[in-house]
Amino acid sequence: VPPQPVPPLLQTLQRYLTALEPLLPPDELQHTRKIVQKFGCPGGLGEKLQPELIKRAKHSHNWISDWWVQWAYLECRQPLAVHSNPAISLPKRDFTDWRGQLVFASKLIAGVLDFKAQVDSGKLALEYMRGQPLCMELFPQLFSSCRIPGPKHDHVVHYGRPRRGPAHITVVRNYQFFQLDVYNSDGTPLTESQIHAQLLRIRSQSWKTDKQPMGILTSEHRHTWGQAYTRLLRDKINKESVRLIEKSIFTLCLDSPVMRISDEKYSSRMAAQILHGGGTFSNSGNRWFDKTLQFVVGEDGSWGLLYEHATAEGPPISTLLDHVLEYCKKPDRVRAPLIPLPMPKKLYFYINSEIKWDLEMAKQNLDILINDLDIKCFNFQRFGKEFVKQLKLSPNSFIQVAIQLAYYRVHSEVCAACDIASLRMFRGGRTDYIRSPTNQMLITLIIKCVCWHVEAVDAYSILTEQSLMGQGIDRHLLGLKLQAIEEGLSLPRIFMDTAYGLATHWKLRTGQVPTNTDSVMCFGPLAPDGYAVCYNPQQDHVHFSVTAFNCCEETNAEKLALTLERSLRDLQELFQPTV
């Protein structure tokens, strides 16, 4: 795949000003226009920084990805739970007790190991988008990796090496962690029946819920967890246990059943359960939020995946889940060898008064965070992507217009909103933002007219295309800003302008996660007064999740969800009036 291009400076600055037009009153826009022109004019600071970015692009694997991961994830000090780690909740399985839970968990583990074998052997099929091959670099990084807290910023460790990498996963049940070796001495993976036998042994060793849920420490503010981590690792037993969790191929969380609620609220409760564990009296102690991959299987048939964002992105995760789901359809034909297996190893922690205090604070803070998050999931069943394609429009752009319309109806204003574009067409590419609203969208909020809605959808499709081709504006602007910081220059005025603050205060964080299954992704809002809206369009329906914080009086996830549903119905009526 080709290297990621550095977009032309003047192109980015012009597109930035266009993106600001729906957000700013004319006088403020005029003020910002002067600042932007000065930055990009001959002899301006932009002209000095741009060649340095081009030089960086020539001499690095990817000119922005490392910077982006460092700036967006590793230097971010907010808790990973809710604020950063996305969760994917998958369709409920047909079991309702611990026996079915362990049978399915065995199959799931075998499926993930089967996928890992394809990655390690280089046999994983190359992926394409629009006929172009995609960068596959993220796949090997998914396994045996973990984020490590630090005082000023975190870092990620990768222990996975195809031949000599770790051979165990971590299983956590009732807040107790176990090391489960998943390969035989000859290097072959354990069969499903062998894994099942080992999970039964783990169950028999973890009847009681551990009084000290060590995993909850990982849900803390990163600075606080960094300090607690240093204290924790002073003890040799703790250090060994933590390292085994960090090195494990992935984590499996065996959750206890959740309180039964109405079918209508079940999908929202399920998404919350995967995202944060439901609180310190539920399953939050069954998580290690720093771990790149955590599969969650509940006794009630619920299951899903939680992943750490510094290493993983949505598309590779979708590929992994599709593989696991296909694997789960196959019967287990492999006969288990009659070799006795070693007992799974329980991981112990020595807890002194300092660590006990850290845990108490972490419990309180996590419960406050969980109670503050409002999650509403719903399945919109009137139409899916097939209907939009018949109109010869982009389903993603159509849904984006509906989200903007819903936000406008609730708040009587437009706001800075971002959708995620994958940059995997480029070597080491991660993501860029697709910005909405557009001027065309602004007009549709006032004039209910088919032709203007088509204009708005098409305008958004053009922005999407630009971002996918590496010509988006947000990563480029960030690169210019970080280049100035790296050169020890005072921060350019363009980044200190109130317009830049407004344009990057994302009140709407959105994400399309198209998968072959009825899954729902969810994550917390980027701004305290914002929303996160995630959607998965299927042929004849669309799954949505909407989150907001209860502490903000202006936002309400339920209200936005209901308004979004109504907006989609109204758009359907507009394009296909009933006779």
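Because the structure is predicted, anything quoted here is derived from the model rather than measured.

### Comments concerning the overall build of the protein
Along the protein, the regular secondary structure elements total 20 helices and 18 strands. Here the C-alpha coordinates of the protein stretch approximately 75 × 65 × 45 Å along the principal axes. Sorting the 579 residues of the protein into buried and exposed places 58% on the buried side. Residue pairs at least 24 apart in sequence account for 75% of intrachain contacts in the protein once pairs closer than 6 positions are excluded. Carbon and sulfur atoms form 55% of the exposed surface of the protein, whose accessible area is close to 24700 Å². Treating the 65 positive side-chain charges of the protein as one cloud and the 59 negative ones as another, the clouds have centres 5 Å apart.

### Thoughts on the pairing of strand E1 (residues 87–90)
Burial along E1 is two-sided: Ala87 and Ser89 facing one way and Ile88 and Leu90 facing the other are all buried. Alignment of E1 against strand E10 (residues 303–307), held across four bridges, turns out to be antiparallel. Across the sheet, the residue bridging to leucine 90 is tryptophan 303, located in E10. With three bridges connecting them, E1 and strand E16 (residues 520–522) associate as antiparallel partners. Each bridged residue has a counterpart across the sheet, and for alanine 87 the counterpart in E16 is cysteine 522.

### Re the domain arrangement of the protein
The domains assigned to the protein are domain 1 (9–70 + 375–575) and domain 2 (79–374). Each of domain 1 and domain 2 was reduced to a C-alpha centroid, and the two centroids are 31 Å apart. Residue-level contacts link 39 residues of domain 1 with 43 residues of domain 2. Surface buried jointly by domain 1 and domain 2 totals about 3200 Å² across both partners, of which 51% is contributed by carbon and sulfur atoms.

### Some points on the pattern of salt bridges
The full count for this structure, using the stated rule, is 26 salt bridges. Across the salt bridge formed by arginine 147 and glutamate 308, the nearest N and O atoms sit 2.9 Å from each other. A residue pair is termed long-range when its members are at least 10 positions apart, and arginine 147 in strand E4 (residues 145–148) and glutamate 308 in the loop between E10 and helix H11 (314–329) qualify at 161 residues. Note that arginine 231 and aspartate 358 form a salt bridge whose closest N and O atoms lie 3.0 Å from each other. Note that arginine 231 is positioned in helix H8 (residues 222–232) and aspartate 358 in helix H12 (residues 353–372), a separation of 127 residues in sequence. Among the residues examined, arginine 231 registers a relative accessible area of 21% and is labelled partly exposed. By relative accessible area, aspartate 358 is classed as buried at 10%. Among the charged side chains, a network of salt bridges with common partners joins Arg77, Arg147, Asp154, Arg222, Asp290 and Glu308.

### A closer look at the pairing of strand E8 (residues 251–255)
Working note: regular strand, side chains alternate between the two faces of the sheet. Across the five residues that make up E8, a large majority, five, are buried. Burial along E8 is two-sided: Thr251, Cys253 and Asp255 facing one way and Leu252 and Leu254 facing the other are all buried. In terms of strand pairing, strand E6 (residues 168–173) meets E8 through four bridges, oriented parallel. Across the sheet, the residue bridging to arginine 173 is leucine 254, located in E8. Here E8 pairs with strand E9 (residues 293–298) via five bridges, running parallel.

What counts as what
Residues numbered from 1 in each chain as written. Predicted model: local features only at pLDDT ≥ 70, side-chain atom pairs only at ≥ 80, totals over all residues. Heavy atoms only, no water. Helix = DSSP H or I, 4+ residues; strand = E, 2+ residues; numbered from the N terminus. Buried < 20%, exposed > 50% of the residue type's maximum accessible area, 1.4 Å probe, protein only. Contact = heavy atoms within 4.5 Å. Areas by Shrake-Rupley, 256 points an atom, 1.4 Å probe, with all protein chains shown as cover. Lys, Arg positive; Asp, Glu negative; His and termini not counted. Charge placed at Lys NZ, Arg CZ, Asp CG, Glu CD. Pairing = 2+ DSSP bridges. Domains from an automatic or database assignment. Buried area = accessible area lost by both parts, 1.4 Å probe. Salt bridge = Lys/Arg side-chain N within 4 Å of Asp/Glu carboxyl O.

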